[in-house]
Amino acid sequence: MSSACYDFLDSAPVIPVIAIENLSHAVPLAEALVAGGIVNLEITLRTEHGLDAIRLINQQVAGAHVGVGTVCNAREFDAAIDAGAQFVVSPGQSDALFERALVTNIPFLPGAVTATEVIAAKEAGFRILKFFPAGTSGGAAAIKAFSGPFGDLQFVPTGGVNIHNANDYLSLPNVRAVGGTWLTPSDAINAERWDHITHIARDASQLDA
Ligand code: 3PG
């Protein structure tokens, strides 16, 4: 059973899922999100800059709680921990990922959308799961249905979540937070419109957790 602490999830209702295309954007983007009250930042390994971005934000952005996303194997898990990631998110799950999370005692959110996947993650010792891709996997109705057989588990839905439907999820007692890419639109990042990102973050931070 994982004894890692997941209290950080209560600091903000939304976790932005971030892909850093240009490393020079990492720090101002993180600063803009934190200024809007969004402090848990999931930096994905979808670009070559993911690990460097985690390092830079950890060193330079006060108040940011930096995690890593799109972790698909043990090698990526270990590299992210070396870079300073404070939590780990995967779109799925594997025995190797479970093992790294338990050995390192880092908070880990494995992905699960079926009852069988939920049981596997629970058996491995995890109680808070990423529900991805939420929108095409039954959405809020599916997570609500999970509260019957899996009343002791909580979910963090991502994939198709946005400012307009986030409360459909956040109003469920078994949803701990939501995640998504809507807080970091690439046109605003490329134009370095950090005030606009802070504005989006502020709206997201005021959603009901
Ligand atoms: C994720 O990994 O959580 C998703 O890519 C987020 O999906 P979204 O772009 O629909 O928010």
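Above this note sits the structure.
Calculation notes
- Residues numbered from 1 in each chain as written.
- Predicted model: local features only at pLDDT ≥ 70, side-chain atom pairs only at ≥ 80, totals over all residues.
- Heavy atoms only, no water.
- Helix = DSSP H or I, 4+ residues; strand = E, 2+ residues; numbered from the N terminus.
- Rg over C-alpha atoms; globule rule 2.2 N^0.38 Å.
- Buried < 20%, exposed > 50% of the residue type's maximum accessible area, 1.4 Å probe, protein only.
- Areas by Shrake-Rupley, 256 points an atom, 1.4 Å probe, with all protein chains shown as cover.
- Lys, Arg positive; Asp, Glu negative; His and termini not counted.
- Charge placed at Lys NZ, Arg CZ, Asp CG, Glu CD.
- Core = buried A, V, L, I, M, F, W, Y, C linked by side-chain atoms within 4.5 Å.
- Phe/Tyr/Trp six-rings, centres within 6.5 Å; stacked < 30°, edge-to-face > 60°.
- Near = heavy atom within 4 Å.
- Polar contact = N/O pair within 3.5 Å; in protein donor to acceptor, adjacent residues only side chain to side chain.
- Nonpolar A, V, L, I, M, F, W, Y, C, P; charged D, E, K, R; others polar.
- Salt bridge = Lys/Arg side-chain N within 4 Å of Asp/Glu carboxyl O.
- Arc of directions from axis to C-beta.
- Contact = heavy atoms within 4.5 Å.
- Axes fitted to C-alpha atoms, helices over the stretch in contact; angles between N-to-C directions.
- Parallel < 35°, antiparallel > 145°, perpendicular 65-115°, else oblique.
- Left-handed = near helix turned anticlockwise from the far one by under 90°.

(A) Spotlight on the overall build of the protein chain. Within the protein chain, the regular secondary structure consists of nine helices and eight strands. For 209 residues, the compact-globule estimate of 2.2 N^0.38 gives 17 Å, and the C-alpha radius of gyration of the protein chain, at 16 Å, lies within 12% of that figure. Buried residues in the protein chain amount to 53% of all 209 residues. With the model as given, the accessible surface of the protein chain reaches about 8,700 Å², and the carbon-plus-sulfur share is 50%. Charged side chains in the protein chain number 11 positive and 21 negative. The centres of these two groups are separated by 4 Å.

(B) The arrangement of the nonpolar core in detail. Counting 77 residues, the largest nonpolar core has Leu33, Ile38, Ile57, Phe108, Val178 and Trp182 as the members making the most contacts within it. Counting residues per element, this core draws most heavily on helix H1 (residues 26-35), which supplies seven residues.

(C) The arrangement of the packing of aromatic side chains in detail. Under the criterion given, the structure shown has nine aromatic pairs. With centroids separated by 5.4 Å and ring planes inclined at 25°, the aromatic side chains of phenylalanine 98 and phenylalanine 126 adopt a geometry described as stacked. Of this pair, phenylalanine 98 sits in helix H4 (residues 95-104) while phenylalanine 126 is found in the loop between helix H5 (115-124) and strand E6 (128-131), placing the two residues 28 residues apart along the sequence. Phenylalanine 98 gets classed as buried once you look at its relative accessible area, which sits at 6%. Arranged with centres 5.5 Å apart and planes meeting at 85°, the rings of phenylalanine 108 and phenylalanine 126 form a pair that is edge-to-face. Note that phenylalanine 108 is positioned in strand E5 (residues 108-109) and phenylalanine 126 in the loop between H5 and E6, a separation of 18 residues in sequence. Assessed through its relative accessible area of 0%, phenylalanine 108 is described here as buried.

(D) Region of the structure containing the site of the ligand. Taken together, Val17, Arg46, Lys130, Phe132, Thr158, Gly159, Gly160, Gly180 and Thr181 form the complete shell of residues around the ligand. One nitrogen or oxygen atom from the side chain of lysine 130 is found 2.8 Å from an oxygen atom belonging to the ligand. Coverage of the ligand by the protein chains reaches 80% of its 320 Å² of free accessible surface. In terms of residue class, the shell around the ligand is made up of two nonpolar, five polar and two charged.

(E) Up close: the pattern of salt bridges. Taken as a whole and assessed by the stated rule, the structure comprises five salt bridges. Among the ionic pairs, arginine 100 bridges to aspartate 78, the shortest N-O distance being 2.8 Å. Here the residue arginine 100 occupies a position in helix H4, and aspartate 78 occupies one in helix H3 (residues 74-83), the gap between them amounting to 22 residues. It is possible to trace a salt-bridge network through shared partners that takes in Asp78, Glu99 and Arg100.

(F) Seen up close, helix H2 (residues 50-60). All of the buried residues along H2 are Gly50, Ala53, Ile54 and Ile57. Projected down its long axis, H2 carries its buried residues within an arc of 100°, all on one side.

(G) View of the side chain of histidine 49. With respect to the helices and strands, histidine 49 occurs in the loop between strand E2 (40-44) and H2. You can call histidine 49 buried: its relative accessible area is 19%. With residues up to four places along the chain from it excluded, the contact list for histidine 49 reads Ile20, Glu21, Asn22 and Leu23.

(H) Region of interest: the packing of H1 against H2. Relative orientation of the contacting elements H1 and H2 amounts to 55°, with a least axis distance of 9 Å. For the element pair H1 / H2, the angle class is oblique. In terms of crossing hand, the pair formed by H1 and H2 is right-handed. Together, Ala26, Val27, Ala30 and Glu31 of H1 and Ala53, Leu56, Ile57 and Gln60 of H2 make up the contact between the two elements. Here the contact of H1 with H2 is composed, by residue class, of six nonpolar, one polar and one charged.

(I) Structural detail: the side chain of lysine 130. One can find lysine 130 in strand E6. At 4.1 Å, glutamate 42 is the nearest oppositely charged side chain to lysine 130, a buried residue that forms no salt bridge. Within the structure, the side chain of lysine 130 is placed 3.1 Å from the side chain of threonine 158, a separation counted as a polar contact.

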